[in-house]
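What follows is each chain in one-letter form.
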Amino acid sequence: MELNRLLLGLCAFLHLYGPRWAESTCKLKAKFNLSGYKDVEKKKVVVGGMFPVHQRIVSARGNTSTVPVSSGCEGFNFRTFRWTQTMLFALREINRRTDLLPHTDLGYVIYDSCFTISKAVEGTLTYLTGQDEAVPNYRCGTGGPLAALVGAGGSDLSIATARILGLYHFPQVSYCSSCSALDSKFQFPTFLRVIPKDVHQSTAMARLVLHFGWTWVGTIAADDDYGKYGIKEFKEQVEESGVCVSFSETLPKVSSPEDIQRIVDTVIESTAKIIVVFSSDVDLSPLILELLRHNVTNRTWIASEAWVTSALINLPGVGSVLAGTLGFGVKRADIPGLQRYLLDLDPYDDPLTEEFWETVFDCTLDYNKALRQARERASSNGTLSRAVRGSPDGLCTGKEALEQLNNTYTDVSQLRLTYNVYKAVYAVAHALHNLESCEPGQGPFNRNSCAEITNFEPWQLMYYLKNVRFNVPHTGEEIYFDKGEVDGYYDIINWQLGDDGLVSYATVGNYTGTASGGHRMTILNSSIVWNNEELEPPWSVCSEDCQPGTRKGIRQGEPVCCFDCIPCADGEISNTTNARECIQCSEDYWSNTAHDACVPKNIEFLAFGEPLGITLIVISAFGALVTIAVGAVFVIHLGTPLVKANDPLLSFSLLFSLVVTFLCSIVFLGEPQHWSCMTSQVALALGFALCLSSIMGKAAVLMLRARALKAQRAWAKAAAKAAKEAAKEAAEAAANSGNPDVIVTNTNNIHADMNTCGNTEVDTLTFTHQRVMATVATLIQAVACTVWLIILPPHPVKNTAAQNVKIILECDEGSVVFICCIFAYDILLALLAFVFAFTARKLEDHFSEAKSVTFGMLVFFIVWISFVPAYLSTRGKFMVAVQIFAILASSFGLLACIFLPKCYVLLVKPERNTEDMMRPRAKPRDGTSTGTSASLATAGTEVTATTASTTIDD
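For clarity, every value in this text was computed on a predicted model and none was experimentally measured.

Asks: Quick question: what am I supposed to make of the overall build of the protein here?
Replies: Tallying secondary structure elements over the protein gives 27 helices and 29 strands in all. Counting over 954 residues, the protein shows a buried share of 49%. Pairs at least 24 residues apart make up 71% of the contacts formed inside the protein by residues separated by at least 6 positions. Accessible surface, the protein as shown: approximately 45500 Å² in total, 56% of it carbon and sulfur.

This is how it looks when you write it as structure tokens:
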């Protein structure tokens, strides 16, 4: 830093007081080794140019014992040499014009940057100092003022030169530096360009990828500002739209076989079929050669403008790898007279031209060099050839025909960057023309002054350059700078493989950055020939699209474009492709089989017309008819002992309740309504309440009879025992008296007592009591049901929770507490009836009514106990069917067990329908009948007879 300050101060002093002395003393100990073209003698204004004619610099040895010398260049590039000649052609054309700079002859200083930043910096310093040595802040050159620099090639070269030129407000017009980093006018205040900036190209590439629906791409960028900024902008835009980058590789600036092989392996292993490349042709060339060697096909390449029409890439045989490439090229134009100028090149004009001639024709223009080479070949063969004695082999004649060449230099079919060079030169010329044409007193500078064409400051020319507006000769394109930029226009170019195996460039569309959204890109899909000569665009995705009915499931640790398609769950749908989430169907809808639409759920209820409903109706009607028939039988035999003994009114109430239970099961069928929900449950509860209370009344009477007969049996047993003992005592007394003919028996009282015990009027509960019990029990249930219906009545509901695919129409009981209490009351009546009947089970008559009631209640309990698990294990209409089956089964059980024996007597055994047969009797423990007075009398006679027999025998 201190050394730099010292040099700057010393040179400023020398600039004021001793130019000649400074020239001999203020020097850096190095010489620039620059090649190019120079014509500054007798020129009013000099225009600078910088082109990467060579591809790289020659590696220099690190020898510190000698004065350092700038490295030379190697790798001649015919394409960039054509750019150089185009600048010379444009300057010659301008100098010949009378309408543009008529009084000014333009000179030029053109240097080769060797596609290297160091050479670009050397050339920039040479422009500023006017000599092949860097003297900071001091210009020692001769000739006219340097107007502007056209160059310097690649973006990284222009960045290096623009930083230096900007310090001196020196204008720079670039023809191919499109990097977005150069947008900053704070860092690069004097940089302008006639090529669109890369933001437009990155956007165009992103739109192209989205146009064809590619979501899985790879990217390759050069290791410079052009590649890094361009690919960065592209990735930001596509990733916002859901496109994923499979891999992102960087091309080395210095070719490295290991790095190139690594990139090739990445391309082969990746599943991405689309590869976007932001690079110059020089940096990309080694990779293309390696891909060609590995025969990597079935890839579609997206090319940036820096290599889309490069002959360095479009080598013979490369079609197998790059056929179908799509790329963006800057605007193309034909320049009349340029081809003739290129072909009329004089090989002896300049060392750079000589090198071109020697390279393109593989010979040398130096006679001594050719002779020396010929002698070396002859000495190695051991003979001195005639060619050495005369004209040596390998010597150029200078008359070789460039027309016969078929290379990049002579090919003017794709003048794109060449056209940019032409426009850049004309932009500088028009700015100088405007500066020269300034009228004194009407100028743009201080006090309306003008600048002198022979002595102007760089910032003065910069003013005219920023405001220049002109039409390019031959093409008519209007050029003007908007903050140093031009409109973003590109041709979309497709590499198409011809029958001869060579690649041709076909324009299949265009992109205009300033157009409105829908009109920015125009592309003819049918004109594109893809790789392997396919007509359909390739498909490049990490995962196939998720069809409707599925959703995207992200894979952990992978890009969002890599996903699994997960089917939507039941009740959820997705009706779009690549849905991120499934949509829940509303309550009354369910997903279809494909899970791509919500369809109405099936409404389910036990309908009257379906087979199961018809069957239940028939069974219910049959049960009701049978019950009515039983009632008719009882009416017909109303005056018979059997009907009288069973309280006809209570029997008819029982039969009526059974008819109600049979018929209320039909109300459970059909679509639930408010009236049906209330009627079915209430009718069932009241029907069973009436039925069970009637049975309970009958069972209560039977229980009391059984207890009374049990007491009679105990008394009769005691009386018989007493009679037997009395007879025995009488017999013993007769035996003791010696008169065996005298037997005293006293059975009259026993007979009388037995008749009294056998009287049926001993029942403590009359028919009236039974009827009151049934009525009261039923009224209690009726009151409870009325309260239930008023407070929380049953009502129809849509049950969507029981089955997902169905809406079950059913009755909601309204209150679980109420329905439990009501049916618990019925169960209580059933339990009382069962207990009463079970207590009287040993009470026998000719139809065993107590046993019938007991069995009837057992059937009732068995049915309803079985009903609970069956009911809880079913869903939908089958729950209603189970409930109806339970109602019918319990009703049939009660009807059969209670009334079948009676109907059997009434219809089949009418002879048993007598008063005597109706008397109940208790069954003794030993199995003999002791329940009537006749049996008791018979037992007393047997006792007397036995006693008499014993006396006679004695």
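Asks: Explain the sheet that holds strand β6 (residues 146-150) here, please?
Replies: Working definition: the strands of a sheet are paired by backbone hydrogen bonds and lie parallel or antiparallel to each other. Spatially, six strands are ordered β1-β5-β2-β6-β7-β8 in an open sheet, and the strand pairing comes out mixed. Across the chains shown, the open sheet's two edge strands, defined by having one partner strand only, are β1 (36-39) and β8 (191-193). In this sheet, adjacent strand axes meet at a mean angle of 25° when their direction is disregarded. Looking at chain direction, strand β2 (residues 45-51) and β6 are connected through three bridges and run parallel.

Asks: Would you take a moment to explain the packing of helix α6 (residues 198-211) against helix α7 (residues 225-240) for this structure?
Replies: Running from N to C, α6 and α7 cross one another at 45°; their axes reach a closest spacing of 8 Å. Between α6 and α7, the angle is such that the two are oblique. Both α6 and α7 take part in a crossing whose hand is right-handed. Contacts between α6 and α7 involve Asp 198, Val 199, Gln 201, Ser 202, Thr 203, Met 205, Ala 206 and Val 209 on the former and, on the latter, Tyr 226, Gly 230, Glu 233, Phe 234, Gln 237 and Val 238. Residue classes in the contact of α6 with α7 are distributed as seven nonpolar, five polar and two charged.

Asks: Is there a simple way to think about the sheet that holds strand β18 (residues 521-523) in this case?
Replies: With mixed pairing, eight strands are arranged side by side in an open sheet as β10-β9-β11-β12-β13-β16-β17-β18. At either end of the open sheet lies a strand with only one pairing partner, and these are β10 (244-251) and β18. Adjacent strand axes in the sheet meet at a mean angle of 25°, parallel and antiparallel pairs treated alike. Across the face of the sheet, α6 comes into contact with β9 (216-222), β11 (274-278), β12 (300-303), β13 (326-329), β16 (489-497), β17 (503-512) and β18 while running at roughly 175° to β11. Its contacts with the sheet place helix α8 (residues 257-269) against β9, β10 and β11, and it is angled at close to 165° to β10.

Asks: Can you walk me through the nonpolar core in this structure?
Replies: It is characteristic of soluble globular proteins that their nonpolar side chains tend to be buried jointly. The biggest cluster of nonpolar side chains holds 107 residues, and the ones touching the most others in it are Leu 402 and Leu 432. With 13 residues, the top contributor of residues to this core is helix α15 (residues 417-436). For Leu 432, the residues in contact, after removing those within four places along its chain, are Val 45, Leu 101, Leu 106, Ala 147, Ile 453, Phe 456 and Leu 461. By size, the runner-up hydrophobic cluster in this structure holds 55 residues, among which are Val 659, Phe 688, Leu 692 and Ala 837.

Asks: Can you help me understand the packing of helix α3 (residues 78-96) against α15 in this one?
Replies: The description of two packed helices rests on the angle between their axes and on the distance between the axes. At their nearest, the axes of α3 and α15 sit 9 Å apart, and the two run at 35° to each other. Viewed along their axes, α3 and α15 form a crossing whose handedness is right-handed. Contacts between α3 and α15 pair Arg 79, Arg 82, Trp 83, Thr 86, Met 87, Phe 89, Ala 90, Leu 91, Glu 93 and Ile 94 from the former with Leu 417, Thr 418, Val 421, Tyr 422, Val 425, Tyr 426 and Ala 429 from the latter. Of the residues that constitute the contact of α3 with α15, the class distribution is twelve nonpolar, two polar and three charged.

Asks: Help me understand the state of the cysteines, please; the structure alone is not making it clear to me.
Replies: In a disulfide, the sulfur atoms of two cysteines are covalently bonded to one another. Under the definition given, this model contains nine disulfides. Across the disulfide, Cys 73 is cross-linked to Cys 114 (sulfur-sulfur distance 1.5 Å). Disulfide Cys 73-Cys 114: torsion about the S-S bond near 90°, hence right-handed. One end of the pair, Cys 73, is in strand β4 (residues 73-76); the other, Cys 114, is in the loop between β5 (106-112) and α4 (117-129), with 41 residues separating them in the sequence. Across a sulfur-sulfur distance of 2.1 Å, Cys 244 and Cys 561 are joined as a disulfide pair. Residues Cys 244 and Cys 561 are joined through a disulfide that is right-handed, its torsion about the S-S bond being 85°. One end of the pair, Cys 244, is in strand β10; the other, Cys 561, is in the loop between β19 (550-554) and β20 (563-567), and 317 residues separate them in sequence. The same class applies to Cys 244 as to Cys 561, namely buried.

Asks: For this particular structure, what's the right way to read empty space enclosed by the protein?
Replies: By rolling a water-sized probe across the atoms, one finds the places where empty space is left. A full pass over the atoms with the stated rule returns seven cavities of 30 Å³ or more. Around the largest cavity, the lining comprises 19 residues; the ones closest to its centre are Phe 115, Gly 154, Cys 176, Ser 280 and Ala 306. Of all the secondary structure elements, the ones that give two or more residues to the lining of the largest cavity are α3, α5 (155-167) and α9 (281-293). A per-element tally of the lining of the largest cavity places α3 first, with three residues. Per-class residue counts for the lining of the largest cavity are eight nonpolar, six polar and five charged.

Scoring rules and cut-offs
Residues numbered from 1 in each chain as written. Predicted model: local features only at pLDDT ≥ 70, side-chain atom pairs only at ≥ 80, totals over all residues. Heavy atoms only, no water. Helix = DSSP H or I, 4+ residues; strand = E, 2+ residues; numbered from the N terminus. Buried < 20%, exposed > 50% of the residue type's maximum accessible area, 1.4 Å probe, protein only. Contact = heavy atoms within 4.5 Å. Areas by Shrake-Rupley, 256 points an atom, 1.4 Å probe, with all protein chains shown as cover. Pairing = 2+ DSSP bridges. Axes fitted to C-alpha atoms, helices over the stretch in contact; angles between N-to-C directions. Parallel < 35°, antiparallel > 145°, perpendicular 65-115°, else oblique. Left-handed = near helix turned anticlockwise from the far one by under 90°. Nonpolar A, V, L, I, M, F, W, Y, C, P; charged D, E, K, R; others polar. Core = buried A, V, L, I, M, F, W, Y, C linked by side-chain atoms within 4.5 Å. Disulfide = S-S within 2.5 Å. 1 Å grid on protein atoms, 1.4 Å probe; cavity = no way out; pocket = protein on both sides within 12 Å on 5 of 7 lines; lining within 4 Å. Points joined across faces, edges and corners; volume = space filled by probe spheres on them.

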